[in-house]
Amino acid sequence: MAAIALLQHYIEYLTTPTVLLTILVVVGPILYTVGVEWAIASKTVKPSGFSGCRRLGLVGPSNLITQHEQPPLTDGIPRVKALFTYPIKSCRGVELSATEVEATGLKFDRLMTFAQLVSKPAKKADKDQGGAAVPSEEWQHQWRFITQREFPRLALLRTELWVPDPRGRTAKANGHGGKDLQVPSSKPRTRSRTRGSTLVGQLEKGDKAAGSGDWTAQGGCLVVRFPFEPDFNPLGLRTQEVKLVLPLVPTIERAKAKQYTTEDLSIWKDNPQALNLTCEIDKVALEKLRYFLGVSNPLALFRVDPNKPRAVTRCLPADKPGEEFKVGFADAFPVNILGLASVRKTDAELPATAEVKGKLDARRFRANIYIEGVEAFAEDEWKKIIVGTRIGRDKDGLFECDAEYHVACRTARCTLPNVHPDTGIKDKNEPYTTLGKTRKVDKGALPHPCLGVHTIPLFASGILRVGDEIEVLEKGEHVYEKMFK
Ligand SMILES: *[C@@H]1O[C@H](CO)[C@@H](O)[C@H](O)[C@H]1NC(C)=O
């Protein structure tokens, strides 16, 4: 009897207006949120591709999947283990199984960069008669590139490269499962073949105006995705994927129609002129991105202006005086090489308490070419190497020969590798602190530690493939030349 009475009492209690209201207030929004998200998710069928384009990149597991296996293969012959191009500076890279290489580096590497508007007081005001400094009312504004060092969440921006498919099939039909070569096949054929793979050296004249969904005239498109989280985001249910689609090689017509401007952009001590592509990003998406990254200043996107290349000014090959070398938005040199053994060795030297100990990921170092087959730091001594194939053209048509690279210097490191490439979370100390103890090996680079090497291609057009062997032509000592005087 007592139990029934209790139940009756309980039911009465549950049906009082106050309790009903409470239940409604608490459960309602959750049901609503779930419903809305479900509705959105079921409506947004992700397009599988862009018509006339195919996705560039490795299909299947990364070639770095075995990077933690000990010990790395050391038969003394260095080989290309993995290839990466980073279309936007400091954002996630695209892994490739083969790639075109240009004088400025791997195709599409550091082609674009985000930048923020920074202000500093204009030149110091003259001292007034009394000798006290007059605070200047004038401010200088400058667009300065941003990196993971200050904005680690850049690591969460995923990039996809969609390039015109020379076979004319759509990406969908192709399922982007084909080879990722946007390069002449290993036996270069004659002229007709090269149309779809001309170097992105110029803003090409578009043959046709690009329709809204047709990116082929724009040299294909770069897709950027990131997970935006609104303030009110119970259980992460309202996280939405924001997608930006950007032209890779905008036509002159598009540049005019969109009124691209050319601006001075500050990269370290360089101030190259760059194309302001910010107008290609929808305003709302740009605001979401700014919030996502934690940038409080105005944010903009720049593309390398092919007519105004940045010069490489340091560590040039001594045997090529007067020759000019160019680079995109990479820090200073076109191609970065890093040995996986060097990463494993660094990992082994991390203190036992370090969170990354035992799983230091080579991707933190953002190399273009990861190599295996040699001992740790073997690459430090290289001065000139051959890797892959150079594609040249003479009066008889295309020819191929060895592709030579000048190893310019070691790579001086900052705290950027402290950012986890998958989470975008920056560790306070490692691996930078350990590198500071073990890798201050170059007196020119002090106080910075070094890991990996920077190289300059000694040709205009070439091909690199995973598995290519590296032949070391010259070895020697490196002394880093600083950019800051
Ligand atoms: C770049 O373009 C955006 C949008 O078109 C504009 O708001 C911004 O001020 C431009 N940047 C510069 C340096 O002009």
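That block above? That's the structure.
Residues numbered from 1 in each chain as written. Predicted model: local features only at pLDDT ≥ 70, side-chain atom pairs only at ≥ 80, totals over all residues. Heavy atoms only, no water.

Caption draft 1: The site of the ligand, seen in detail. Near the ligand you find Trp143, Glu263, Asn276, Thr278 and Cys279, and these make up its full shell. Contacts to the ligand include Glu263, whose side-chain N or O atom sits 2.9 Å from an oxygen atom. Between the ligand and the protein, one listed contact pairs an oxygen atom with a side-chain N or O atom of Asn276 at 2.5 Å. Burial of the ligand by the protein amounts to 54% of the accessible area it has alone, namely 360 Å². Among the residues forming the shell around the ligand, the class breakdown is 2 nonpolar, 2 polar and 1 charged. (Near = heavy atom within 4 Å. Polar contact = N/O pair within 3.5 Å; in protein donor to acceptor, adjacent residues only side chain to side chain. Areas by Shrake-Rupley, 256 points an atom, 1.4 Å probe, with all protein chains shown as cover. Nonpolar A, V, L, I, M, F, W, Y, C, P; charged D, E, K, R; others polar.)

Caption draft 2: Structural detail: helix H6 (residues 340–349). Counting buried residues in H6 gives 7 out of 10 residues, a clear majority hidden from the surface. Leu340, Ala341, Ser342, Val343, Arg344, Thr346 and Asp347 are the residues of H6 that are buried. Here the buried face of H6 lies against strand S2 (79–85), strand S16 (335–339), strand S17 (369–372), helix H7 (432–438) and strand S20 (450–457). (Buried < 20%, exposed > 50% of the residue type's maximum accessible area, 1.4 Å probe, protein only. Helix = DSSP H or I, 4+ residues; strand = E, 2+ residues; numbered from the N terminus. Contact = heavy atoms within 4.5 Å.)

Caption draft 3: The sheet that holds strand S6 (residues 112–121), seen in detail. Overall, mixed pairing links the 5 strands, which are arranged S6-S7-S11-S12-S13 in a closed barrel. Within this sheet the neighbouring strands show an average axis-to-axis angle of 55°, counted without direction. As paired elements, S6 and strand S7 (residues 139–145) share 7 bridges and run antiparallel to each other. The residue bridging Gln116 from the neighbouring strand is Arg144, located in S7. (Pairing = 2+ DSSP bridges. Axes fitted to C-alpha atoms, helices over the stretch in contact; angles between N-to-C directions.)

Caption draft 4: The arrangement of the side chain of Thr85 in detail. Tracing the backbone shows Thr85 in strand S2. A polar side-chain atom of Thr85 sits 2.9 Å from the main-chain carbonyl oxygen of Lys107. Within the local environment of Thr85, its side chain forms a polar contact with the backbone nitrogen of Asp109, the two atoms lying 3.1 Å apart. With residues up to four places along the chain from it excluded, the contact list for Thr85 reads Gly93, Val94, Leu96, Leu106, Lys107, Phe108, Asp109 and Leu161.

Caption draft 5: Quick look at the pairing of strand S11 (residues 261–266). Looking at chain direction, S7 and S11 are connected through 2 bridges and run parallel. Looking at the pairing, Trp143 lines up with Leu265 of S11. Across 4 bridges, S11 lies against strand S12 (residues 273–276) in antiparallel orientation. Bridge pairing in S12 links Thr262 to Leu275. If you look at the hairpin formed by S11 and S12, you'll find 6 residues sitting between the two strands, and Trp268 has a positive phi there, around 50°.

Caption draft 6: Inspection of the nonpolar core at higher detail. Of all hydrophobic cores here, the largest spans 58 residues; its most connected members are Phe114, Leu157, Leu293, Tyr405 and Leu464. Judged by nonpolar contacts, the second largest core, of 18 residues, contains Leu64, Val343, Ala354 and Tyr370. (Core = buried A, V, L, I, M, F, W, Y, C linked by side-chain atoms within 4.5 Å.)

Caption draft 7: Geometry of the sheet that holds strand S10 (residues 240–247). Taken in spatial order, the 4 strands of this open sheet run S1-S8-S9-S10, and their pairing is antiparallel. The open sheet is flanked by strand S1 (53–56) and S10, the only strands paired with a single partner. Strand-to-strand twist in this sheet, taken as the mean axis angle between neighbours without regard to direction, amounts to 30°. Relative to S10, strand S9 (residues 221–228) runs antiparallel, the two sharing 8 bridges. If you follow Val223 over to S10, its bridge partner there is Val245.

Caption draft 8: Examining unusual backbone geometry more closely. Along the chain, Glu430 connects to Pro431 via a cis peptide bond; the corresponding omega equals 5°. Mapped onto the elements, Pro431 comes out in the loop between strand S19 (397–412) and H7. Positioned with a positive phi, Arg110 is a non-glycine residue whose angle comes to about 45°. With respect to the secondary-structure elements, Arg110 resides in the loop between strand S5 (105–106) and S6. For Arg110, a relative accessible area of 12% gives the class buried. One non-glycine residue, Arg366, adopts positive backbone phi at about 50°. Along the polypeptide, Arg366 turns up in the loop between H6 and S17.

Caption draft 9: Seen up close, the pattern of salt bridges. Counted according to the given criterion, the structure contains 24 salt bridges. With a shortest N-O distance of 3.8 Å, Lys81 and Glu372 are connected by a salt bridge. Of the two residues, Lys81 sits in strand S2 while Glu372 sits in strand S17, which places them 291 residues apart along the sequence. You'll find Lys81 and Glu372 in the same group, each marked buried. (Salt bridge = Lys/Arg side-chain N within 4 Å of Asp/Glu carboxyl O.)

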